[in-house]
Amino acid sequence: MAKCIMVQGTTSNAGKSLTVAALCRIFAQDGYRVAPFKSQNMALNSFITADGMEMGRAQVVQAEAAGLAPDVRMNPILLKPTSDCGSQVIVNGKPIGNMRAAEYFRFKTQLIPDIMQAYNSLAAENDIIVIEGAGSPAEINLKAQDIVNMGMAKLADAPVLLVGDIDRGGVFASLYGTVELLEPDERARIKGLIINKFRGDPAILEPGLDMLEEKVHIPFVGVVPYLHVDIDDEDSLSERLSSAQDTKALLDIAVIRLPRLSNFTDFDPLGRQEGVSLRYVGSVEALGQPDLILLPGSKNTMGDLRWLRQNGLEAEIKKYAAAGGAVIGICGGYQMMGETLSDPHGVEDGGAMDGIGLLPMHTEFSMEKTTSQVTGAFRTVDGAFSALSDQSFAGYEIHMGVSTSSGGAPLTRLSRSGEAVSDGLQNGSCLGTYVHGIFDSEEVCRALVRTLLKRRGLSEDALTVISHEEYRRQQYDLLADSVRKSLDMDAIYRILNGEA
């Protein structure tokens, strides 16, 4: 049975996910079979595994850092918010329905057998399990039915590392307050403290480290600097979503920042290209005249389309497309680009509404969710985007709607679970597809970038497209190297082995 160690944080976005990814990479580099685990994740940034199961993107990153294929056992419960007080509940990779927050709070302890079955199965196959908590363990209103922080630590009998974010200020107070709000048995599980996102000379912190150790009787095991690594974020607090335009860039790409934006990492390969400004906009004033508008996925397509309509962005996008501007929609964004959307089963808000009208198609939401990895290639693409023709890709689908063309040829041909299917549409400079991760393909990314450069009258060789896979491996190694230098790994191995 695997040994385990857990990373908890004083707040959301304290750095738990990246710390877990770093430890997974370090342990794997040291020759151990290691897997990540998070009993419950709340995120709209999800992924589909090879067997068609849905899981949180953070655990996908951690699995890749560990050198493993993503496995839904690493994240047995995923909550995908559909409103301010409700979420779709996904258990073992499959949706079991939508629940309001109070309903799920009463229900969630029934999922402990699913959690432990997934955890024990992973533990039987690995040497080390690195567990991630969620939010803060000191949410005293939630502790009674906790299944993801100290509740999970008790189930797995895991020692805990507590991470605090100094970049926000108040790190000593947040570490001290978190420890003091725990019960004695929970406090005893915390074996090490970590300060994260520090800018400056760690020697300046030493008096504070000594004072806090004296107060809480828990040692610090490291101060991690503010790291400039480019690794997929959780969607809710990503710094990428507030990015501004780089006026020196050759190309300007605008992603519409929908209220319930999902899978924004679809566009990261484009933003990683030197000379490309990838920015997220939520207002008419911020839109400007980009080289490309991207409409991303959404957990509530009809609700987010109403938001686009109310704030004037829909009208601006239609004017932009009518003038020959390029618009590409992925999943929910693709659905919005059609002529109509209907929801006869109340999957989202119910009813029907007009789409933006950029693509000749109609979408009807269904109770059955399509979750599948796919491979495919573009068909013959007309006009300015002809460079995409025949370019191959791999990706995945996550949607609860079926879109039917009312004219025009499909954009791509896919292989889904061995079955040949068609996907997507083109209408002039407007394209749409259900495939997430389509820009991860170096060939597709290169063809799109060159097309945009050509439309600007620039040389197609002005930018060199970076290999997505190689870039990602480099970033995982950079993360592991930086964290290894910053943490007392001897102390962490002692904690892991029950010697601290």
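In case you missed it, the structure is sitting above this.
Residues numbered from 1 in each chain as written. Predicted model: local features only at pLDDT ≥ 70, side-chain atom pairs only at ≥ 80, totals over all residues. Heavy atoms only, no water.

Description of the overall build of the protein chain
Then, in step 1: Looking only at helices and strands, the protein chain has 16 helices and 25 strands in total.
Then, in step 2: For 500 residues, the compact-globule estimate of 2.2 N^0.38 gives 23 Å, and the C-alpha radius of gyration of the protein chain, at 23 Å, lies within 12% of that figure.
Then, in step 3: Considered along the principal axes of its C-alpha atoms, the protein chain spans approximately 70 × 50 × 40 Å.
Then, in step 4: Taking contacts inside the protein chain between residues at least 6 apart in sequence as the whole, the part at least 24 apart equals 73%.
Then, in step 5: By element, 49% of the accessible surface of the protein chain is carried by carbon and sulfur atoms, the whole surface being about 19900 Å².
Then, in step 6: Each charge class in the protein chain can be summarised by its mean position, and for the 46 positive and 65 negative side chains these summaries are 1 Å apart. (Helix = DSSP H or I, 4+ residues; strand = E, 2+ residues; numbered from the N terminus. Rg over C-alpha atoms; globule rule 2.2 N^0.38 Å. Contact = heavy atoms within 4.5 Å. Areas by Shrake-Rupley, 256 points an atom, 1.4 Å probe, with all protein chains shown as cover. Lys, Arg positive; Asp, Glu negative; His and termini not counted. Charge placed at Lys NZ, Arg CZ, Asp CG, Glu CD.)

A short note on the sheet that holds strand E1 (residues 3-9)
Then, in step 1: The strand order across the open sheet built from six strands is E2-E9-E1-E10-E11-E12, with neighbouring strands paired in parallel fashion. Of all the strands in the sheet, just strand E2 (34-37) and strand E12 (220-225) have a single pairing partner and so form its edges. For this sheet, the mean inter-axis angle between neighbouring strands, taken without regard to orientation, is 20°.
Then, in step 2: The sheet contact formed by E1 and strand E10 (residues 160-165) spans four bridges and is parallel. Note on E10: the bridge partner recorded for Met 6 is Val 160.
Then, in step 3: Contacting E1, E2, strand E9 (128-132), E10 and strand E11 (190-198), helix H1 (residues 16-29) runs over the sheet at an angle of about 170° to E9. (Pairing = 2+ DSSP bridges. Axes fitted to C-alpha atoms, helices over the stretch in contact; angles between N-to-C directions.)

Digging into helix H8 (residues 206-216)
Then, in step 1: Along H8, the residues classified as buried are Gly 208, Leu 209, Leu 212 and Val 216. The buried residues of H8 occupy an angular sector of 100° when projected down its axis, which confines them to one face. Along H8, exposed side chains directed more than 90 degrees from the buried face belong to Asp 210, Met 211 and Glu 214.
Then, in step 2: One or two steps after H8, the chain reaches His 217, where phi turns positive at roughly 60°. (Buried < 20%, exposed > 50% of the residue type's maximum accessible area, 1.4 Å probe, protein only. Arc of directions from axis to C-beta.)

What about the environment of Gly 498?
Then, in step 1: Considering the arrangement of structural elements, one finds Gly 498 in the segment after helix H16 (489-496).
Then, in step 2: C-alpha of Gly 498 to C-alpha of Ala 158: the two residues are 340 residues apart in sequence and 9.5 Å apart in space.

A few points about the nonpolar core
Then, in step 1: Counting 68 residues, the largest nonpolar core has Ile 256, Leu 294, Leu 308, Val 327 and Phe 439 as the members making the most contacts within it.
Then, in step 2: Among the elements that line this core, the one with the most residues is helix H14 (residues 442-455), at seven residues.
Then, in step 3: In contact with Val 327, other than residues within four places in its own chain, are Leu 292, Ile 293, Leu 295, Ile 317, Tyr 320, Ala 321, Met 337, Leu 358, Ser 429, Cys 430 and Leu 431.
Then, in step 4: Core analysis: the next-biggest nonpolar cluster, separate from the first, contains 55 residues, Val 72, Met 150, Phe 198 and Leu 205 among them. (Core = buried A, V, L, I, M, F, W, Y, C linked by side-chain atoms within 4.5 Å.)

Digging into the packing of H1 against helix H15 (residues 468-486)
Then, in step 1: Here H1 crosses H15 at 90°, and the two axes come no closer than 8 Å. On the basis of their axis angle, the class for H1 and H15 is roughly perpendicular. Here Leu 18, Ala 21, Ala 22, Arg 25, Ile 26 and Gln 29 of H1 lie close against H15, whose contacting residues are Arg 473, Tyr 476, Asp 477, Leu 479, Ala 480, Asp 481, Val 483 and Arg 484.
Then, in step 2: By residue class, the composition of the contact of H1 with H15 is eight nonpolar, one polar and five charged. (Parallel < 35°, antiparallel > 145°, perpendicular 65-115°, else oblique. Nonpolar A, V, L, I, M, F, W, Y, C, P; charged D, E, K, R; others polar.)

Some thoughts on the pattern of salt bridges
Then, in step 1: Applying the stated criterion across every chain, the model contains 29 salt bridges.
Then, in step 2: The salt bridge partner of Arg 473 is Glu 470, with a shortest N-O separation of 2.7 Å. Of the two residues, Arg 473 and Glu 470 are both situated in helix H15; the distance of three residues between them amounts to about one turn of the helix. (Salt bridge = Lys/Arg side-chain N within 4 Å of Asp/Glu carboxyl O.)

Observations concerning helix H11 (residues 301-310)
Then, in step 1: Within H11, the full set of buried residues consists of Thr 301, Met 302, Gly 303, Asp 304, Leu 305 and Leu 308.
Then, in step 2: Gly 312 sits one or two residues past H11 and shows a positive phi near 90°.

Any functional reading would require information beyond the geometric quantities listed.
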